[in-house]
Amino acid sequence: MSQQSEPIVDIQGLNKWYGALHVLNDVDLTVASGACVVVCGPSGSGKSTLIRCVNGLGSYQKGTLRLAGTTLGVNARETAAARRQTGMVFQSFNLFPHLTVLSNCTLALQRVAGRSRAEAEHIAMSHLEKVRIPEKAKSYPGQLSGGQQQRVAIARALCLNPRLMLFDEPTSALDPEMIKEVLDVMVALARDGMTMICVTHEMGFAREVADQVVFMDGGCILDRAPARDFFGGSGHPRSRHFLNTVLKH
Amino acid sequence: MGFDLAFALSSVPTILGAIGMTLSVALVSCIGAAAIGFLFDVVRRVGGFVGLTISFVIDFIRSTPLLAWLYFLYFVLPFYGIRLGSLTVGVMGLSLYYSGYLAEVFKAGIDAIPKGQSEAARALSLSRRDAVIYVIAPQMLRNIAAPLGNYFVSILKATPYLAVLAVPEMLGRAFDIASETYRYTEPLVVAGLIFLALALVISHGVKRLERRLLAVGAR
Ligand SMILES: Nc1ncnc2c1ncn2[C@@H]1O[C@H](COP(=O)(O)OP(=O)(O)OP(=O)(O)O)[C@@H](O)[C@H]1O
Ligand SMILES: [Mg+2]
């Protein structure tokens, strides 16, 4: 990991309110290039809100957020360019149901990256192979299992060649037997050197590939530690309590 | 007096001759109603005072009889110097009246698209325009295809109202024959059967379309 290069994500004093509800409270977070950060915490703690700010899907009222060297929201063109460096995977997959798996992947390649159809399909197929589902290229999302859909969603996000991947509870909507196939893809991605922020409660995944685990509660980051220490039992009592409840499942 | 089959058959060509008028009035009115209804729904989504006004207009249109609209456009507008042909008034009346219903069809069709769809489009950096064209509109069309087809049948069945404006559609023709010959049963039965056949064919088409669309989006 190169220490001298600028972090991909650099968040300083981020604050967000929904009316009177303080959803993000002075959040600081830096993510170095190639790092994998796992964000966990109880429901409603602001995890989704935080990572949605990172790629500009969500707004915030106070603080600064630098993404790939660009402060978001200053210059529209630069913000758009920085956002294009991110890929996002949602809990509910959000594949486009009226498009085939292949077209789901080629849409942004053609419309955003300006690739020809042949180029786009070539790139898309290479990513579908990476997530081990090339044989479903001509299927529609509705014909796939949840695990297969989520792997397609990962391939779709990878097509634009992002420098940062954001995952918002990618396995929470899956039946237990499908969780592993998605986590395997994510592990491989992390090992490949992809920078990732993953909101997940899959502590096995965190233990395996996370460089840093961040624990959120009530809009604050209460605890952050290298994965080894986080699971070693040091840290904030609240995160230890949380860890105990999660690991009991 | 019984049912004279020979007379009934002899009235078929005259009545069937107006099928083109009936179908094209229904088609143009349906397109007009869809266009106005879509606009209504889009403007209603702006919210605020404008949105409230549109909501009121939609409710108003839906709670006044079609015949009142036709008479209003035909007899009242000329007082203000707007003189329109009966066919124009008929199509306008049908379009306006059904636009109130189609606005609701569009609303349901758009609201049924999960929020995650436009979020995914935004996460992929698609422009707003591309998101509408490639992600939202196709799903909306799929959602509205069946109700739109059903409203087309409704509009088709409402075209005889235009008889009050002397638009030569099928039921009007049947009535012309009836008043010339003083025989009502046969021409009206013939016109009724043709409407029935049309409605059945179109409904069947809509059902098939719906099944195909559902198959593609099976989830
Ligand atoms: N659009 C919104 N309007 C108002 N409040 C919101 C909105 N979205 C989220 N919230 C609130 O903000 C808080 C943080 O929500 P967020 O979705 O970030 O939590 P989370 O940590 O992702 O939880 P979960 O594990 O349930 O996904 C919650 O209290 C939620 O109710
Ligand atoms: Mg969440």
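Scroll up to find the structure.
What this report covers is the structure whose coordinates are included nearby. Residue positions within a chain follow its written sequence, with the count starting from 1. A letter from A marks each chain and a number from 1 marks each ligand, given out in the order of writing. Reporting of local features is limited, given that this is a predicted model, to residues whose pLDDT is at least 70; pairs of side-chain atoms are given and counted only at 80 or more, and all residues count toward the totals for whole chains, interfaces and linings. Only heavy atoms go into the side-chain values, all of them from the structure, while hydrogens and water stay out.

**What to know about the sheet that holds strand S5 (residues 70-71) of chain A**
Residues and elements named next belong to chain A. Spatial strand order, S2-S1-S4-S5: 4 strands in an open sheet with antiparallel pairing. Bordering the open sheet on either side are strand S2 (21-31) and S5, each of which pairs with just one other strand. By definition, two strands form a pair when at least two bridges between them are found by DSSP. Here a strand is any run of E in DSSP of at least two residues, a helix any run of H or I of at least four, and the numbering for each starts at the N terminus. The pairing of strand S1 (residues 9-18) with strand S4 (residues 62-67) spans 5 bridges and is classified as antiparallel. Of the residues in S4, the one forming a bridge with Gln12 is Thr64.

**Quick word on the sheet that holds strand S9 (residues 212-217) of chain A**
All names here are of chain A. Spatial strand order, S6-S7-S8-S3-S9-S10: 6 strands in an open sheet with mixed pairing. Whereas interior strands pair on both sides, the edge strands pair on one side only; in this sheet they are strand S6 (86-89) and strand S10 (220-226). Sheet twist, expressed as the average angle between the axes of neighbouring strands with direction ignored, equals 15°. Pairing geometry for strand S7 (residues 164-168) and strand S8 (residues 195-199), over 5 bridges, is parallel. Helix axes are fitted only over the stretch in contact, all axes being lines through C-alpha atoms; the angle between N-to-C directions runs from 0 to 180 degrees.

**Things to note about the interface of chain A and chain B**
Between chain A and chain B, the residue contacts involve 24 residues of the former and 21 residues of the latter. Around 1,900 Å² of area is buried between chain A and chain B when both sides are counted, 58% of it from carbon and sulfur atoms. When the buried area of chain A at its contact with chain B is split by residue, Phe96, His98 and Arg111 of chain A rank highest and sum to 28% of it. By salt bridge we mean one thing: a side-chain nitrogen of Lys or Arg within 4 Å of a carboxyl oxygen of Asp or Glu. The tally of links between chain A and chain B comes to 2 salt bridges. In this structure, the salt-bridge partner of Arg52 of chain A is Glu119 of chain B, at a minimum N-O distance of 3.0 Å. Counting only elements with at least two residues in the side of chain A that touches chain B, the list comes to S6 and helix H3 (101-111) of chain A. No other element matches H3 of chain A, which puts 3 residues into the side of chain A that touches chain B. Charged residues are taken to be Asp, Glu, Lys and Arg, nonpolar residues to be Ala, Val, Leu, Ile, Met, Phe, Trp, Tyr, Cys and Pro, and polar residues to be all remaining types, Gly included. Residues belonging to the side of chain A that touches chain B are distributed by class as follows: 12 nonpolar, 7 polar and 5 charged. The contact rule is simple, with two residues in contact once any of their heavy atoms fall within 4.5 Å. Buried area counts how much accessible surface, traced with a 1.4 Å probe, disappears from two parts once they are put together, with both parts' losses summed.

**A word on the packing of aromatic side chains**
Stacked, tilted and edge-to-face are the three classes applied to pairs of Phe, Tyr and Trp rings, where Trp contributes its six-membered ring and a pair requires centres within 6.5 Å; stacked means planes under 30 degrees apart, edge-to-face means over 60, and tilted covers the rest. Per the counting criterion, the structure on display carries 11 aromatic pairs over all chains. On the basis of an interplanar angle of 55° and a centroid distance of 5.6 Å, the ring pair of Tyr97 of chain B and Tyr101 of chain B is categorised as tilted. Taken together, the residues Tyr97 of chain B and Tyr101 of chain B, both in helix H5 (residues 86-111) and 4 residues apart, mark about one turn of the helix. Categorising residues by exposure relies on relative accessible area from a 1.4 Å probe, with only protein chains included: less than 20% of the type maximum marks a residue as buried, more than 50% marks it as exposed, and the intermediate range marks it as partly exposed. For Tyr97 of chain B, a relative accessible area of 13% corresponds to the buried category. Taken together through their ring pairs, the aromatic side chains of Tyr97, Tyr98, Tyr101 and Tyr151 of chain B make up a single cluster. In this scheme, Lys NZ or Arg CZ marks a charge over a ring once it lies within 6 Å of the ring centre and within 35 degrees of the ring normal. The ring of Phe96 of chain A carries the charged tip of Arg156 of chain A above its face, separated from the ring centre by 4.6 Å. Positioned above the aromatic ring of Tyr101 of chain B, the side-chain terminus of Arg62 of chain B is 5.5 Å from the ring centre.

**Quick word on the pairing of S4 of chain A**
Here S4 of chain A runs beside S5 of chain A; their pairing, made up of 2 bridges, is antiparallel. Within S5 of chain A, the position partnered with Arg66 of chain A by the bridge is Thr71 of chain A.

**Examining the environment of Gly90 of chain B**
Mapped onto the elements of the fold, Gly90 of chain B is located in helix H5. Gly90 of chain B has contacts with Leu70, Leu162 and Leu165 of chain B, leaving out every residue within four places of it along the chain.

**Let's talk about the site of ligand 1**
All names here are of chain A. Near is defined per residue: the residue qualifies when any heavy atom it owns lies within 4 Å of the molecule or strand. The immediate surroundings of ligand 1 are formed by Tyr18, Leu21, Val23, Pro42, Ser43, Gly44, Ser45, Gly46, Lys47, Ser48, Thr49 and Glu169. Between ligand 1 and Tyr18, the relevant distance is 3.5 Å, taken from a nitrogen atom to a side-chain nitrogen or oxygen of the residue. Polar contact criterion, stated in full: a pair of N or O atoms within 3.5 Å, where within protein one must be able to donate a hydrogen and the other to accept it, and residues adjacent in sequence count only if both atoms are side-chain atoms. At 2.7 Å, a side-chain N or O of Ser48 approaches an oxygen atom of ligand 1. When isolated, ligand 1 has an accessible area of 640 Å², and the protein chains bury 59% of it. For the shell around ligand 1, the per-class residue count stands at 4 nonpolar, 6 polar and 2 charged. Surface accessibility follows the Shrake-Rupley procedure with a 1.4 Å probe radius. Residue values consider only the protein chains on display as shielding.

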